[in-house]
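Single-letter residue listing:
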Amino acid sequence: MELAGKTAIITGSNSGIGLGVAQELARAGASVVLNSFSDRPEDHELAAELGARHAVPARYIAADMSLGEDCRALIARAGGCDILVNNAGIQHVAPVDEFPVEKWNLILAINLSSAFHTSAAALPGMRARGWGRVINIASAHGLTASPFKSAYIAAKHGMVGLSKTVALETAGQGITCNAICPGYVLTPLVEAQIPDQMKVHGMDRETVIREVMLLRQPSRQFATVEQIGGTVVYLCSPAADQVTGTTISVDGGWTAL
Ligand code: NAD
């Protein structure tokens, strides 16, 4: 198994893309640490089931990615981090002049600042071992904009900039840092946006999916969590040793338009 002996921490991984990434890393043999802010028995059971399915060590560590000290404590409590996948993220849709300040602050904290804190905590260990992967789950919205998503788009553009900076600071040290930019992936986060989008655009569910969400995704197909996980596994492979400081779009052609 290509990633046997490596420990991967995936933030925000009790659902959606994070869970899909954890599955693919476990399938490739990595030990995985799942995370979210909740600390329910089912969170720990999810990790136990995933570990059993792929015969790898798997744990769940609760930590709130909106809090810098929790981000750093997650890395410390995991006891080592070879692969860091910064995935936790939330969304809120409103025009800039009506955007709630507390939502702006929370989105910037979870979707951007958490990656700064976890990276800062993980890099010294990666340097000591001479190998590491920092993979930031940005978005097509890290490269392009849409109306009503100012905080999310600002945070995701920031995530791309952070990835390039960490790549330059770690170049030649056996560590790479990249951002994956998914287009629309049908996960709970996207499901939750559908009612807001229906309200903002005055459309029914099917029309919003076809005419708003997938309008800019030329394939008119959602990407899958397995495809994002597979891209993460590729970035952890020797084939990607010289891939650093860049973005990989998994967006059905969105950013080619
Ligand atoms: P999701 O809502 O299914 O998953 C988000 C995860 O983040 C959950 O596990 C949630 O518990 C966790 N989370 C939220 N707040 C947290 C906090 N304070 N601390 C720790 N964990 C927290 O959403 P998803 O679609 O799987 O999104 C995952 C990432 O992928 C996000 O960063 C999102 O912006 C990005 N993304 C998603 C899409 C898409 O179409 N689904 C597209 C591009 C990028």
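Let me begin by describing the structure that accompanies this report. The structure displayed is predicted, hence computed values, not measured ones.

Topic: the overall build of the chain
- Scanning the chain from terminus to terminus reveals 8 helices and 7 strands.
- Compactness check: the chain gives a C-alpha radius of gyration of 18 Å against a globular reference of 18 Å for 257 residues, within 12% of the reference.
- Counting only C-alpha atoms, the chain reaches 50 × 40 × 35 Å along its principal axes.
- Burial status across the chain gives 54% buried among its 257 residues.
- The contacts of the chain with a sequence gap of at least 6 include a subset with a gap of at least 24, amounting to 73%.
- As presented, the chain carries roughly 10,800 Å² of accessible surface, and 57% of it is formed by carbon and sulfur atoms.
- Where the 19 positive side-chain charges of the chain centre and where its 23 negative ones centre are 5 Å apart.

Regarding the packing of helix α1 (residues 16-27) against helix α8 (residues 225-235)
- For the pair α1 and α8, the least separation of the axes is 8 Å and the interaxial angle reads 50°. If you check the angle between α1 and α8, you find them oblique. Along this stretch, α1 crosses α8, giving a crossing that reads as right-handed. In this structure, α1 contributes Gly-16, Ile-17, Gly-20, Val-21, Glu-24 and Leu-25 to the contact, and α8 contributes Val-225, Glu-226, Ile-228, Gly-229, Gly-230, Val-232 and Val-233.
- Across the contact of α1 with α8, the residue classes break down as 7 nonpolar, 4 polar and 2 charged.

What counts as what
Residues numbered from 1 in each chain as written. Predicted model: local features only at pLDDT ≥ 70, side-chain atom pairs only at ≥ 80, totals over all residues. Heavy atoms only, no water. Helix = DSSP H or I, 4+ residues; strand = E, 2+ residues; numbered from the N terminus. Rg over C-alpha atoms; globule rule 2.2 N^0.38 Å. Buried < 20%, exposed > 50% of the residue type's maximum accessible area, 1.4 Å probe, protein only. Contact = heavy atoms within 4.5 Å. Areas by Shrake-Rupley, 256 points an atom, 1.4 Å probe, with all protein chains shown as cover. Lys, Arg positive; Asp, Glu negative; His and termini not counted. Charge placed at Lys NZ, Arg CZ, Asp CG, Glu CD. Axes fitted to C-alpha atoms, helices over the stretch in contact; angles between N-to-C directions. Parallel < 35°, antiparallel > 145°, perpendicular 65-115°, else oblique. Left-handed = near helix turned anticlockwise from the far one by under 90°. Nonpolar A, V, L, I, M, F, W, Y, C, P; charged D, E, K, R; others polar.

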